[in-house]
Amino acid sequence: MSLIKTIELPEFGDGRGDLVSIEECRNIPFAIKRVYCLYNLGSHPRGMHAHRNLIQLAFCVHGSCRFVLDDGNKRESVVLSRPTEGLLIGNLVWREMHDFSDDCVIMVLASEHYDESDYIRDYENFLEASVEVK
Ligand code: TYD
C-alpha cells in the first residue's frame, strides 16, 4: 500500500479566478486545531521529523515542492504543485520537504495544537518507535 495518500478538494473557478474550499470533517477527515504556513524557503530541506500523535494535511498553495514520506519500511516521494491537492500525513511517518520553487508556499492543517514533545526529530529514534507499534 502506498504511503502517498492525497485528497482532492473541490475547486470553483470562473472568469474571475479560482477558489478552493476546505471544510473540517466534510472534505478532510479530521477536526483542524492548527494551521501553519511555510514560505521564503530556500535550499534547506524542512521537516526531517515524525510525530507520535498528529494527522496533517499539507498543500502547496503556490509554486511546488517535493515531500518524502517514510514509514520505517519504505520511502516514497511526491511533488505537490496544486492548491487543490492535499497530502495526508499520519502519525509515525517521517516527513521531509525538498526542492522548493522560489515562489513555494506550503499550508499545513493539523489535528493537534503545537507540542514539541510530540516530535521525533532523530531518525534512529523514529525507527525504534515505528518498530514498537508494529
Ligand atoms: P518545525 O516543525 O521544526 O519546522 P519544519 O518541520 O517545517 O522544518 O518548526 C520550526 C520552528 O517553528 C520550531 O521552533 C517550532 C516552531 N513551530 C511552532 O511554534 N508552532 C508550529 O505550529 C510549528 C509547526 C512550528
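Since the structure is predicted, the reported quantities are computational estimates derived from the model, not experimental observations.

A. Focus on the sheet that holds strand β5 (residues 46-51). Spatially, five strands are ordered β8-β7-β10-β5-β12 in an open sheet, and the strand pairing comes out antiparallel. Of all strands in the sheet, those with a lone pairing partner are β8 (75-80) and β12 (119-120), marking the two edges. As defined by bridge partners, β5 adjoins strand β10 (residues 94-98) across three bridges and the pair is classed as antiparallel. The residue of β10 that forms the bridge with G47 is E96.

B. View of the layout of surface pockets. The volume enclosed by the largest pocket comes to roughly 180 Å³. Considered class by class, the residues forming the lining of the largest pocket number eight nonpolar, two polar and two charged.

C. Fine view of the sheet that holds strand β1 (residues 5-8). Strand order in the open sheet formed by five strands is β1-β9-β6-β11-β4, and the pairing between neighbours is antiparallel. Across the chains shown, the open sheet's two edge strands, defined by having one partner strand only, are β1 and β4 (34-38). Each adjacent strand pair in this sheet contributes to an overall mean axis angle of 25°, direction not counted. Where strand β6 (residues 56-62) lies against strand β11 (residues 105-110), six bridges are found, and the strand directions are antiparallel. Bridge assignment links A58 to a residue of β11, and that residue is V108.

D. Region of the structure containing the nonpolar core. C65, F67, L87, I89, F100, C104 and I106 are the most contacted members of the largest nonpolar core, which totals 18 residues. Elements with a contribution of two residues or more to this core: β6, β7 (65-70), β8, β9 (85-89) and β11. Among the elements that line this core, the one with the most residues is β7, at three residues. Apart from the residues lying within four places of it in its own chain, the contact partners of F100 are L41, G42, H44, P45, R46, S64, C65 and I106. Of all hydrophobic cores here, the second largest spans eight residues; its members include L9, I28, L57 and L109.

E. How the structure looks around helix α1 (residues 123-132). Taken residue by residue, α1 has F126, A129 and S130 as its buried positions. Within α1, the buried residues cover an arc of 100° as seen down the axis, which keeps them to one side. Of the exposed residues in α1, the ones pointing more than 90 degrees away from its buried face are E124, V131 and E132. Of the surrounding elements, those touching the buried residues of α1 are β5, β7, β10 and β12. Of the residues that open α1, the one with a side-chain oxygen 3.1 Å from the backbone nitrogen of E124 is D122.

F. Representation of unusual backbone geometry in the model. In this structure, C25 takes a positive phi of about 65° despite not being glycine. Secondary-structure assignment places C25 in the loop between β3 (17-20) and β4. A positive phi is found at N40, a non-glycine position, where the angle reads about 55°. Among the residues examined, N40 registers a relative accessible area of 72% and is labelled exposed.

Thresholds, definitions, all that
- Just so you know, the residues in each chain are numbered from 1, in the order the chain's sequence is written.
- Per-residue local features are limited, in this predicted model, to residues with pLDDT of at least 70; the limit for side-chain atom pairs, both in listing and counting, is 80 or more; totals at the level of whole chains, interfaces and linings are taken over all residues.
- Only hydrogens and water are removed before side-chain values are computed, so all heavy atoms of the structure are retained for them.
- The pairing criterion for strands is at least two bridges between them, as found by DSSP.
- Working definition: helices are DSSP H or I runs of at least four residues, strands are E runs of at least two. Numbering for both runs from the N terminus.
- Here the term cavity refers to a set of points on a 1 Å grid, laid over the protein atoms alone, in which a 1.4 Å probe fits but cannot get out; the term pocket refers to an open set having protein on both sides within 12 Å along at least five of seven lines, with lining residues being those that place an atom within 4 Å of a point.
- Grid points are joined across faces, edges and corners, and a volume is the space filled by probe spheres set on the points.
- Under the scheme applied here, ten amino acids are nonpolar (Ala, Val, Leu, Ile, Met, Phe, Trp, Tyr, Cys and Pro), four are charged (Asp, Glu, Lys and Arg), and all others, including Gly, are polar.
- Note on geometry: axes are lines fitted to C-alpha atoms, helical ones only across the stretch in contact, with angles between N-to-C directions running from 0 to 180 degrees.
- We define the nonpolar core as a collection of buried residues of types Ala, Val, Leu, Ile, Met, Phe, Trp, Tyr and Cys that are connected through side-chain atoms lying within 4.5 Å of one another.
- Here the term buried applies to any residue with accessible area under 20% of the maximum for its type, exposed to any over 50%, and partly exposed to those in between, with areas from a 1.4 Å probe on protein chains only.
- Whether two residues are in contact is decided by their heavy atoms: any pair within 4.5 Å suffices.
- Note that the arc is defined by the directions from the helix axis to the C-beta atoms.
- We call two N or O atoms a polar contact when they sit within 3.5 Å, provided that within protein one can donate a hydrogen and the other can accept it, with sequence-adjacent residues counted only if both atoms are side-chain atoms.

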